[in-house]
Amino acid sequence: MIAALLLLVPIVGVVTWAFFRFAPRHVERKAVVRFNLGALALGLALAGAWCVRTYLVMSPTEDRAWWPLISLLGSLAIFPLALGVAAILRNLVVFRGRARGSSR
C-alpha cells in the first residue's frame, strides 16, 4: 500500500502539471479554460463516484476499515487517467483544427 502511494502521488502531480503545461496556445483562451475546468470537474466527479461506490460496497463487510485507503488508491489512479484522456482529446481532437487554422 505504501509503495502504491509512493508511486501514485508523483504520477498525479506530473500528469496534472503536464495537463496544464501542454495546453494548446494558438486557440481561444476561454475555450481552453472551459475545457480544462470541465476535465478537472469530470476527473474529480469520477474519483468521488469511486469513493462512494467503494464505501457502499465495503461498509457492510468485515473489511470496512480499509475502504478509505482503497478509495484513495482508486482516486489516485482514476484522476490522472481522466486528465490524460482529456489532454489527448483536447490536443488531438477538440482544438486540432482551430490551432492549424489560426497559424496560417
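As the structure is a computational prediction, the values presented were derived from the model and not from experiment.

Further remarks concern the overall build of the protein chain. Along the protein chain, the regular secondary structure elements total four helices and zero strands. The N-to-C order of helical and strand elements in the protein chain reads α-α-α-α. A compact globule built from 104 residues should have a C-alpha radius of gyration of about 13 Å, whereas the protein chain, at 17 Å, is more than 25% larger. On the principal axes, the C-alpha backbone points of the protein chain span a range of 65 × 25 × 15 Å. Burial analysis of the protein chain (104 residues in total) assigns 27% to the buried set. Sequence separation of at least 24 residues holds for 76% of the intrachain contacts in the protein chain that already meet a minimum separation of 6.

This structure, assessed with the given rule, holds four aromatic pairs. An angle of 80 degrees between the planes, with centres 5.9 Å apart, marks the rings of tryptophan 17 and phenylalanine 22 as edge-to-face. For tryptophan 17, a relative accessible area of 51% puts it in the exposed group. Taken together, a centroid distance of 5.2 Å and an interplanar angle of 80 degrees make the contact between phenylalanine 19 and phenylalanine 20 edge-to-face. With relative accessibility at 41%, the residue phenylalanine 20 sits in the partly exposed group.

Parameters at a glance
- Residues numbered from 1 in each chain as written.
- Predicted model: local features only at pLDDT ≥ 70, side-chain atom pairs only at ≥ 80, totals over all residues.
- Heavy atoms only, no water.
- Helix = DSSP H or I, 4+ residues; strand = E, 2+ residues; numbered from the N terminus.
- Rg over C-alpha atoms; globule rule 2.2 N^0.38 Å.
- Buried < 20%, exposed > 50% of the residue type's maximum accessible area, 1.4 Å probe, protein only.
- Contact = heavy atoms within 4.5 Å.
- Phe/Tyr/Trp six-rings, centres within 6.5 Å; stacked < 30°, edge-to-face > 60°.

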